[in-house]
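# Chain and residue survey
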Amino acid sequence: MNTCNTIRDFITHEMLHDSLKTPLGDDDQLVDSGIIDSLGVMNLLSFLEEKFSIQIPDDDLIPENFASLSTITALVERQMAR
Amino acid sequence: MNFAFTEEQQKIRNTIIDFARQELNPGIIERDRAGVFPRDLWVKCAEMRLMALPFPEAHGGDGFDFVTTVAVFHALGYACKDSGLILSLATQVICGLTIQLSGNQEQAACLLPDLASGTLIYAQGITEPDSGSDTFAMRTTATKKDGGYILNGTKTMISNGPVTDRALIYAVTNPTKKTLARISCFLVPKGNPGFSAGNPMEKMGLRTMTNGELVCTDCYVPGPSLVGREGQGVILFSEVVEWERVLICAGLLGGLERVLEDCIRYAKERKAFGQSIGTFQAISHKIATMRMNVELGRLALYSAAILKNKRKRAALESSVAKFFISESLKQACLDAVQIRGGYGYMSEFEVERDLRDSIAATIYSGTSEMQANTIARLAGL
């Protein structure tokens, strides 16, 4: 499973709580729709850092980086490239 | 995970225990009754470098790791009977961690030295009259103007609020956004036009720590007052609160250990029906539960502390520690009063003060009910 699909899988199962929903699109708005909230983002961070063996710096902990699957994937891939 | 203290940590802990017993405990009954912030003891704690522990030496700190900081607050909670003072100190350190984690280099270099030395007292303004557990429903606003922001709103029950020199104020910068992106954090100094602190609020326990309102009325702060980036406040707070819960729990666990030791001593000395009351299971089982909770609390606390020390996320572990240790302490204090009977109810014997203080621990930094919500969410519910 590639990075984006791994993250999609986590968000779908851990945050949407409804597998019957329309599959999560790469650019669906996760913050603006309220899917990722204050606790959700910490849960997601914990998952990302463990799954991809990265540490996301404090400077990158901004809502824009969690806006959609695309931005989260880009964030993870930037950290993996370091 | 290795939970054993290093030789250095044990040495520091012993120093803190001696210091607290000699310098911080005398007069606690009177101070509690008066409900006054003990500025002289704050200075003594500053001289002991209690507020400098986790900060870099370059910024006026002592450069200890977070586990050592936790071990020191654990020792402080064990030896110091003034829970209000401990929470005041923890608030100061947490404000420093907020700046260290999220502020820029200039802010850290400018602000941390006076914080670490205790010269200036810090507070964090989050709770509002209409938003407690629903933290991010806050109404305080920060509107952009002339390269800065105008803050309007009221924070309430703020720890260190009435004596604060600098406050970290959380405010809504983008009301059209959903929770995660709508709040930012600002540094507001005492004396800033439009910023005022209310009088200390009378309260049940923690009476040596002042709590009160912080009011912003057309309070202009320049752009560099923003801590972190605009809209980062919720994520910043969510990260900081993990550190906060661990640090606070260190003091609470120390308090639980002290209550346990006092109960064991009393249960051995006190005689009833011709024998020590500790021989009665009605007493010994209460104490056994305290002992068990100390052991489990230690595992919960240092599991979370080690994670934060490694800069790992610890939303679950910090909530588990906060929930378990604060509730264990409250129950232990209630049992300590019951074990002492009438004496437990008398102020002179100091157990009732521990009980009053312990109740607050299940409310501040997230109520037990909110910790349970967090734990449930992270269990996938």
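Residues numbered from 1 in each chain as written. Chains lettered and ligands numbered in written order. Predicted model: local features only at pLDDT ≥ 70, side-chain atom pairs only at ≥ 80, totals over all residues. Heavy atoms only, no water.

Turning next to the overall build of chain A. The helix and strand tally for chain A stands at three helices and zero strands. The order of helices and strands in chain A, counted from the N terminus, is α-α-α. For a compact globule of 82 residues, the expected C-alpha radius of gyration is about 12 Å, and chain A comes in at 12 Å, within 12% of that figure. Its C-alpha atoms give chain A principal-axis dimensions of about 35 × 25 × 20 Å. (Helix = DSSP H or I, 4+ residues; strand = E, 2+ residues; numbered from the N terminus. Rg over C-alpha atoms; globule rule 2.2 N^0.38 Å.)

Attention shifts here to the packing of aromatic side chains. Residues and elements named next belong to chain B. Within the structure shown, the criterion is met by nine aromatic pairs over all chains. Ring centres of Tyr343 and Phe349 lie 5.0 Å apart, and the angle between their planes is 65 degrees; this geometry places the pair in the edge-to-face category. The structure contains a cluster of three or more aromatic residues connected by ring pairs, namely Phe136, Tyr170 and Phe237. Sitting over the face of the ring of Tyr266, Arg340 holds its NZ or CZ atom 5.1 Å from the ring centroid. (Phe/Tyr/Trp six-rings, centres within 6.5 Å; stacked < 30°, edge-to-face > 60°. Lys NZ or Arg CZ within 6 Å of the ring centre and 35° of its normal.)

So, on to the interface of chain B and chain A. Interface size is commonly expressed as the accessible area that is lost once the parts come together. Tallying the contact residues gives 23 residues for chain B and 25 residues for chain A. For the pairing of chain B and chain A, the buried interface totals around 2,200 Å² over both sides, and the portion due to carbon and sulfur atoms is 57%. Ranking the residues of chain B by area buried against chain A places B:Leu180, B:Arg313 and B:Arg377 at the top, with a combined share of 32%. Linking chain B to chain A there are three salt bridges. For the interface between chain B and chain A, the tally reads eight residue pairs in polar contact (both at pLDDT 80 or more). With five residues, helix 7 (residues 233–269) of chain B is the single largest residue contributor to the side of chain B that touches chain A. When the residues that make up the side of chain B that touches chain A are grouped by side-chain class, the tally is nine nonpolar, five polar and nine charged. (Contact = heavy atoms within 4.5 Å. Buried area = accessible area lost by both parts, 1.4 Å probe. Salt bridge = Lys/Arg side-chain N within 4 Å of Asp/Glu carboxyl O. Polar contact = N/O pair within 3.5 Å; in protein donor to acceptor, adjacent residues only side chain to side chain. Nonpolar A, V, L, I, M, F, W, Y, C, P; charged D, E, K, R; others polar.)

A separate point is the pattern of salt bridges. Taken as a whole, this structure holds 24 salt bridges over all chains when the rule is applied. One salt bridge connects B:Arg313 with A:Glu49, and the closest N-O pair in it is separated by 2.7 Å. Taken together, the residues span two chains, with B:Arg313 in the loop between helix 8 (281–309) and helix 9 (315–340) and A:Glu49 in helix 2 (residues 38–51). For B:Arg313, a relative accessible area of 8% puts it in the buried group. Among the charged side chains, a network of salt bridges with common partners joins A:Glu49, B:Glu239, B:Glu242, B:Lys308 and B:Arg313. (Buried < 20%, exposed > 50% of the residue type's maximum accessible area, 1.4 Å probe, protein only.)

A separate point is the packing of helix 4 (residues 66–79) of chain B against helix 7 of chain B. Residues and elements named next belong to chain B. For the pair helix 4 and helix 7, interaxial distance at closest approach is 7 Å and the crossing angle is 35 degrees. As helix 4 runs across helix 7, the sense of the crossing is right-handed. In contact with Phe66, Thr69, Val70, Phe73, His74, Gly77 and Tyr78 of helix 4, helix 7 contributes Trp243, Val246, Leu247, Ala250, Gly251, Leu253, Gly254, Gly255, Glu257, Arg258 and Glu261. In terms of residue class, the contact of helix 4 with helix 7 is made up of nine nonpolar, six polar and three charged. (Axes fitted to C-alpha atoms, helices over the stretch in contact; angles between N-to-C directions. Left-handed = near helix turned anticlockwise from the far one by under 90°.)

A separate point is the nonpolar core. Counting 131 residues, the largest nonpolar core has A:Ile11, A:Leu44, A:Phe66, A:Ile72, B:Phe73 and B:Leu76 as the members making the most contacts within it. For this core, the element with the highest residue contribution is helix 7 of chain B, accounting for 20 residues. Those residues in contact with A:Ile11 that sit more than four places away from it in its chain are A:Leu16, A:Leu24, A:Leu30, A:Ile35, A:Leu44, A:Leu69 and A:Ile72. Among the nonpolar cores identified, the runner-up in size contains 16 residues, and B:Tyr149, B:Ile158, B:Cys216 and B:Leu226 belong to it. (Core = buried A, V, L, I, M, F, W, Y, C linked by side-chain atoms within 4.5 Å.)

Okay, the confidence of the model for chain A next. Caution applies to low-pLDDT regions: their predicted coordinates should not be interpreted in detail. When pLDDT is averaged along chain A, the result is 89; 93% of the residues meet or exceed 70. For chain A, helix 1 (residues 3–16) of chain A is the element with the lowest average pLDDT, namely 90, and helix 3 (residues 69–81) of chain A is the one with the highest, namely 95. (pLDDT = per-residue confidence, 0-100.)

Before going further, it helps to examine the side chain of A:Glu49. Take A:Glu49: its relative accessible area is 8%, and that puts it in the buried class. With near-sequence residues (within four places) excluded, A:Glu49 lies in contact with A:Ile54, A:Gln55, A:Ile56 and B:Arg313.

Moving on, we get to unusual backbone geometry. Residues and elements named next belong to chain B. Phi at Leu206 is positive, roughly 50 degrees, even though this residue is not glycine. When its relative accessible area of 4% is taken as the criterion, Leu206 is described as buried. Non-glycine residue Asp218 carries a positive phi angle of around 45 degrees. Looking at the secondary structure, you find Asp218 in strand 7 (residues 211–222). Here Asp218 falls in the exposed class, since its relative accessible area comes to 55%.

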